[in-house]
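Descriptive structure summary
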2 protein chains.
Amino acid sequence: MLAGCAKPAEAPSFPYSVSSPDGSLTVEVGCTSQGQPCYRLERSGREVVKPSRLGFQLIADEQRSGEDPVIKNAREGLKFTDGSDLCSGFSVLGSSTGSFDETWQPVWGEERDIRNNYNELLVNLVREDGVRMDLRFRVYDDGIGFRYEFPQDNKLRYFKVKEELTEFAMTGDHTAWWISGDYDTQEYNYTRSRLSEIRAISGKTRLDNASATGFSDTGVQTALQLKTDDGLYINIHEAEVVNYPTTNLLLDDKTLTFRTWLTPDAEGVKGRLQAPCVSPWRTVMVVDDARKALASRLILNLNEPCAIEDVSWIHPVKYMGVWWEMITGKTEWSYTYDVPSIQLGVTDYKALKPHGRHGANNGNVRAYIDFAAANGFDALLIEGWNEGWEDWFGCQKDYVFDFVTPYPDFDLPALNQYAHSKGIRLVMHHETSSSTVNYERHMEAAYNLMNQYGYDAVKSGYVGNIIPYGEHHYSQPLINHYLYAIKEAAKHHIMVNAHEAVRPTGLCRTWPNMIGNESAMGTEYRSNINPGHTAILPFTRQQGGPMDYTPGIFEQDMSITAPGQSGKMRHTIANQLGLYVTFYSPLQMAADLPSNYERFPDAFQFIKDVAVDWEKSLYLEAEPGEVIVTARKPKLETLNAAAEGVAKLADGKKDMISNAARFVYALPESAKSLKGARARDVWYVGGVGGPEERTVTFSLNFLDPSLRYEAILYADAPEADYETAPQAYTITRSEVGSSDSFTVRMARGGGFALSLREIR
Amino acid sequence: MLAGCAKPAEAPSFPYSVSSPDGSLTVEVGCTSQGQPCYRLERSGREVVKPSRLGFQLIADEQRSGEDPVIKNAREGLKFTDGSDLCSGFSVLGSSTGSFDETWQPVWGEERDIRNNYNELLVNLVREDGVRMDLRFRVYDDGIGFRYEFPQDNKLRYFKVKEELTEFAMTGDHTAWWISGDYDTQEYNYTRSRLSEIRAISGKTRLDNASATGFSDTGVQTALQLKTDDGLYINIHEAEVVNYPTTNLLLDDKTLTFRTWLTPDAEGVKGRLQAPCVSPWRTVMVVDDARKALASRLILNLNEPCAIEDVSWIHPVKYMGVWWEMITGKTEWSYTYDVPSIQLGVTDYKALKPHGRHGANNGNVRAYIDFAAANGFDALLIEGWNEGWEDWFGCQKDYVFDFVTPYPDFDLPALNQYAHSKGIRLVMHHETSSSTVNYERHMEAAYNLMNQYGYDAVKSGYVGNIIPYGEHHYSQPLINHYLYAIKEAAKHHIMVNAHEAVRPTGLCRTWPNMIGNESAMGTEYRSNINPGHTAILPFTRQQGGPMDYTPGIFEQDMSITAPGQSGKMRHTIANQLGLYVTFYSPLQMAADLPSNYERFPDAFQFIKDVAVDWEKSLYLEAEPGEVIVTARKPKLETLNAAAEGVAKLADGKKDMISNAARFVYALPESAKSLKGARARDVWYVGGVGGPEERTVTFSLNFLDPSLRYEAILYADAPEADYETAPQAYTITRSEVGSSDSFTVRMARGGGFALSLREIR
């Protein structure tokens, strides 16, 4: 680090401050005597972030002597940055404050109305040489966001970031739920430890992913969940990462100070910026109850409002997939073993001998369509439908897929037609093999194919190392690629669910066609997933947006799902049901095989009944990695619109309405229309536990006190345990009211689900 | 270098050989006792290439432990290369020979018929571990081509090249015409020196280009022209560089041995290959007369036949441009100085104050259209027509242009309409600023815009460092990009002239819509260009395909063309005229300002009269850097088709026929139709000299002995000299026949042009 960025010898002064609307949080901002910007954060008089530095190190542009004859005529004034670091020499040009309070409605989400209420402080900094940098702080009752802003009227024009120097100086050796810092993957189990323990543990926590690039034993990822010994829950994250690399956090474990550690591009540059521009928001959530962390809308609120004018084509999706059978090894994505490698456009698949283990074949897909339709789902994902899966992975093959050519045994037009006749949409699959160059070349044709046949959603994938060579999954060019794919999809009225892409930072507020993301360890990791993993993700990964976790695995034993395979997942069936409520996503999968659901039809009924878009959400109990209990009330118009959409797709066959709508309207399975039906007041409650057995008690005081409800509780049976009895569950029906409460035992790796429907 | 690739201790044996059809050239192939493949080349019993090694160093793939649960189900047999170098342990599995003789017709070219006649030797190599590599040699009378071939039935599947080890061991300290090796630019003056002198000189020869990356003081570029002390002309080059990096040549000046030095990608990999595949051809031309080097079609013959079925839309183009006035600083590409930087789609140009120096404004463009039409040109290039030129260069700005949005003062539809009414097509300009990611995102829309308004040719540019970051102009991903742009253009019936792209390697045979390339130091370098430069390029750069050199600069003094500027070009007007014959290109520009042509209408007449596509070409005198005299006979159907095309474009106004057609048909300026006109026998002769004054004498024995011809000679005046009297020329008319000859003095930096037209 350059001398100018060294730790200041003397304490900074903080002449500027702003507090949250309720006065509990206060940010103070100032400079050291060397002109280094700093801030600190208090909650109710207690320090949460100690004085912490702000700024950047820059990379000086090569100065060319300018003899190139083509360009020496360029006009005067084309100035390059001299690379002076933006971490000292600043003085305050001015400051201003403001307040904001509005309530907005997301296209889909955990609740109908979201309040965005903050006080703001803008501090305008200037350096003697004319370089300007502004600091904007927004202070909410449950946390703060702040960012760097570079106005156009500035000596800086284009500049390259060597490192962003934003610090978060902790007040103690907090407990943290963390995953190891990485430029290419987030697919790790979380570790709970003291900050001081991270260094010793980090190496052991790293799985061997398809693409993984660590950088330090004290590097961890955003969102980072912390807890102080006196019970404050702190979450350090980022919001609205656009045209900027995603950050990790590097811990100085001597001083217990984190600082940003951005993802470098192929030339090692950590951000190429052009003024006017802004950095992503740096966020610090501070609450005194873990339930408030789940209720926080800090990240969404810091993003820009919806950029899509007509959102009528965006809708929640409950889907199944020809997918788990490949994940488990029952069948394969590929079609043939006949040749050692594939050259698209050259290899003639029709001339090759199929290996007979191809999952995405016409017959199998039709059977899935039948099952999904019969059980009231909206859609069916099919992976492995297109040419190229024989050698798609690990070769860093550029032209790996064309996204439009189906295998010989996948009749794309006929299967779509068949699906639509049953009220099911097929979900497209675009595995890019991380060759974004190739994907962008074929994207327009690929989206056009989707439009032609009536696909309205795509699952995209980014497995393996990135092409352009040397780039990372979270470097600035990739951040730009993911958003490019979303925006182009929006032009085609296509919803996107990207896997292995960067963890979301609330961009779904602006681009609600981004209905899902993986970006964390999901069900596909099977036996690798620690019990309690799903009780951490809502605190971390899901702060930035919904996750396509692909829950609903009833058969934990791989040898039963896919004979010849081994491994057992570490959860109970009741745990899987609970996830449909505790994990918010407008895109929810029932991931297991139809044959496994057919074995447990009564438990499967909850997956059929549960909604995926919400009027209101309540967080009844929460502790990271241990327990989450969430209650949600479905949003009616979404259910109605879905019923209308399905009927339209299936040529007016009203008996195709979803089971979720049937549940809310209390329709019999034979009912062919919502006409005349009246919605009942319905709530769903879900709970997930951790590695230890746990009993939770919660009140039903959120119910309408004037009504009575039918309760169906799907719980771990007394003998249930993820290791010894994962499939032991009980289903109990009862009549309840708002004065009642439930006490539910959750097994090790367990959970529960509860539906509550007004009785008329 | 690994031990396995070390120089073999003992002399290899050469059991396999093949000779050229006339028996003059013989290649011998074999292995050392360690199994390293080698070859040597003789001409008429005289060694030309001493025993030289062949092979590759590879990069081992990282072995992953394969724990990733998503991929561990991938089928058995997915094997990675272990990285063993392909330079020893080989034995010969078999060999075969063959002969080939055909005559083919290029879509455009230096002659109607090209003979492709060679003998071939294929040596199949195998290693004990099952790795196969074949060597294919094609031996022509004027040189050889050889390449590596990797069959599909092979232990190798995907492999990464650390270095290609192809050697060219020279027999002596030859004279070379070379430019310094570089991954990003070819825009250098040539240096003539002994091989042993390169190391000491190299550093001084490098200009400060917009993007330049040297790698060694003994690195030089292909095509490399050599001359032995006993008068052999040797040229080392490459042909058909597809999906493979372009090579440089690294000289070991102790042993006088060159070897390939490929351009690395952003991760330092010098080629990512998938069997089955082939390397580019490595070529060694050997002739005993420099004129034969110019007549050689070795590089074109080694490329694949035309891949475009309907070529009716591809045609030669003689054009002018709103370009030189920006190059010289008279006007600018940009529109405004009002803002420090531009953000496309955000910056509102209409709200900005124009600086008044924008070249591509409606009035100026109309004046150029008028001038081009009045003088019988086909087309007009306009640069700086689109938003973004204020800060396009040197910022490594990704979203730098959108290629579809004109500046407020450029009325694209109206200007095209006006041009077409006068029989002129506008030539589109796509400066990519080397952001190929951005270009590919906008390419389809950009080509569609061209189709919509009737552009059928585009000049593309690649100024500055490449995005994707860390890539080079000549690395494999960029090689693939350039061809991608050509292929996509072909789908749109668009001809491409790429500047700053890789030097061509004969691909125009396969993709004849690639009508031009810069890829060497062209006129834009003005006073930097050494006299004699244009007498080297046909030996080097132009072996791979035509160059858009942009000749025809009549006013050498920049202070006259662009008041306030300085610098003088080092050529005479007669030299510039000669270039229209000595430089073959289907795309020829009259690059100077109309006002400069108006001052020399009699000299300008030759540019108007000369054709751009040829029935036959003869090379009358040649020595690299000193002199080239070429005679060419126009291809009639091209002229006729152009006349038809122009008439059609201009709504049947037959008075728009090109001046070249007028000249061949001896039509008066008032003639409105070719109807009834009969073509005369016409030849053009051009000469260019070097830094020294020179007198050439050549016979007209190529003329039809039964005819008489009107000769118009445009020559340097007696006092002409590039420094003291660059604009002194004489024009002499005479009547000549095939038994006559011409003796012409060329000034320092001079040349001449001669038209010969049958007298009836």
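Residues numbered from 1 in each chain as written. Chains lettered and ligands numbered in written order. Predicted model: local features only at pLDDT ≥ 70, side-chain atom pairs only at ≥ 80, totals over all residues. Heavy atoms only, no water.

This brings us to the relation of the copies chain A and chain B. Rotating chain A by 180 degrees and moving it 0.0 Å along the rotation axis overlays it on chain B with an RMSD of 0.1 Å. Accordingly, the operation relating the two chain copies is best matched by a two-fold axis. When the interface residues of chain A are mapped onto chain B, 100% of them are again interface residues, pointing to one common binding face. (Least-squares fit on C-alpha atoms with pLDDT ≥ 70 in both. Contact = heavy atoms within 4.5 Å.)

If you walk through the whole model with that rule in mind, you get 76 aromatic pairs over all chains. Ring plane angle 25 degrees and centroid distance 6.0 Å describe the contact between Phe377 of chain A and Phe604 of chain A, whose orientation is recorded as stacked. Here Phe377 of chain A is found in the loop between α5 (362-374) and β23 (379-382), whereas its partner Phe604 of chain A is found in helix α12 (residues 601-609), with 227 residues between them in sequence. Residue classification places Phe377 of chain A among the buried positions, given a relative accessible area of 3%. Measuring from centroid to centroid gives 5.2 Å for Tyr118 of chain B and Tyr140 of chain B, while their planes differ by 50 degrees, and the two rings are tilted. You can see Tyr118 of chain B sitting in strand β7 (residues 114-127) and its partner Tyr140 of chain B sitting in strand β8 (residues 132-140), a full 22 residues away along the chain. Taking relative accessible area as the criterion, Tyr140 of chain B reaches 3% and is therefore assigned buried. An aromatic cluster is built from Trp333, Trp389, Trp392, Phe393, Phe401, Phe403 and Tyr439 of chain A, whose rings are joined through pairwise contacts. Taking the ring centre of Phe663 of chain A as reference, the NZ or CZ of Arg757 of chain A above it sits at 4.4 Å. (Phe/Tyr/Trp six-rings, centres within 6.5 Å; stacked < 30°, edge-to-face > 60°. Helix = DSSP H or I, 4+ residues; strand = E, 2+ residues; numbered from the N terminus. Buried < 20%, exposed > 50% of the residue type's maximum accessible area, 1.4 Å probe, protein only. Lys NZ or Arg CZ within 6 Å of the ring centre and 35° of its normal.)

Turning to the environment of Arg441 of chain A, a few remarks are in order. If you trace the backbone, Arg441 of chain A turns up in helix α7 (residues 436-453). Through-space distance from the C-alpha of Arg441 of chain A to that of Trp323 of chain A is 26 Å; in sequence the pair is 118 residues apart. When near neighbours in sequence (up to four residues on either side) are disregarded, Arg441 of chain A contacts Glu440, Asn480, His481 and Tyr484 of chain B.

In this section: the sheet that holds strand β4 (residues 46-53) of chain B. Backbone hydrogen bonds are what pair the strands of a sheet, in a parallel or an antiparallel way. Residue and element names in this part refer to chain B. The sheet built from eight strands is open, its strands ordered β1-β2-β3-β4-β11-β18-β17-β14 with antiparallel pairing. Each having just a single partner strand, β1 (13-19) and β14 (219-221) make up the two edges of the open sheet. Neighbouring strand axes in the sheet, compared pairwise and without regard to direction, differ in orientation by 30 degrees on average. Both β4 and strand β11 (residues 167-170) contribute to a ladder of two bridges, which runs antiparallel. Opposite Val49, over in β11, you have Met170 as the bridge partner. (Pairing = 2+ DSSP bridges. Axes fitted to C-alpha atoms, helices over the stretch in contact; angles between N-to-C directions.)

Given 3.6 residues to a turn, an α-helix orients residues that are three or four positions apart in the same direction. Residues and elements named next belong to chain B. Helix length check: helix α5 (residues 362-374) (13 residues) gives 18 Å between terminal C-alpha atoms against 18 Å at 1.5 Å per residue, within 8%. Among all positions in α5, only Val365, Tyr368, Ile369, Phe371, Ala372 and Ala373 are buried. Directly after α5, the chain includes Gly376, whose backbone phi takes a positive value near 75 degrees. (Expected span 1.5 Å × (residues − 1).)

Moving on, we get to the nonpolar core. With 160 residues, the main nonpolar core has Leu380 and Tyr684 of chain A as its most contacted residues. Per-element accounting of this core gives the leading share, nine residues, to helix α8 (residues 476-491) of chain A. Within the second largest apolar cluster, 127 residues are counted, among which are Leu300, Ala373, Ala457 and Tyr462 of chain B. (Core = buried A, V, L, I, M, F, W, Y, C linked by side-chain atoms within 4.5 Å.)

Turning to the interface of chain A and chain B, a few remarks are in order. Taken together, the contact between chain A and chain B spans 65 residues of the former and 65 residues of the latter. For the chain A and chain B pair, buried surface summed over both sides reaches about 5,800 Å², with 49% attributable to carbon and sulfur atoms. Scanning the region where chain A abuts chain B turns up two salt bridges. A salt bridge links Glu440 of chain A to Arg441 of chain B, with the shortest nitrogen-to-oxygen separation between them at 2.6 Å. Looking at the side of chain A that touches chain B, the elements with two or more residues in it are β19 (272-274), α4 (324-327), α7 and α8 of chain A. For the side of chain A that touches chain B, the element with the most residues is α8 of chain A, which contributes four residues. (Buried area = accessible area lost by both parts, 1.4 Å probe. Salt bridge = Lys/Arg side-chain N within 4 Å of Asp/Glu carboxyl O.)

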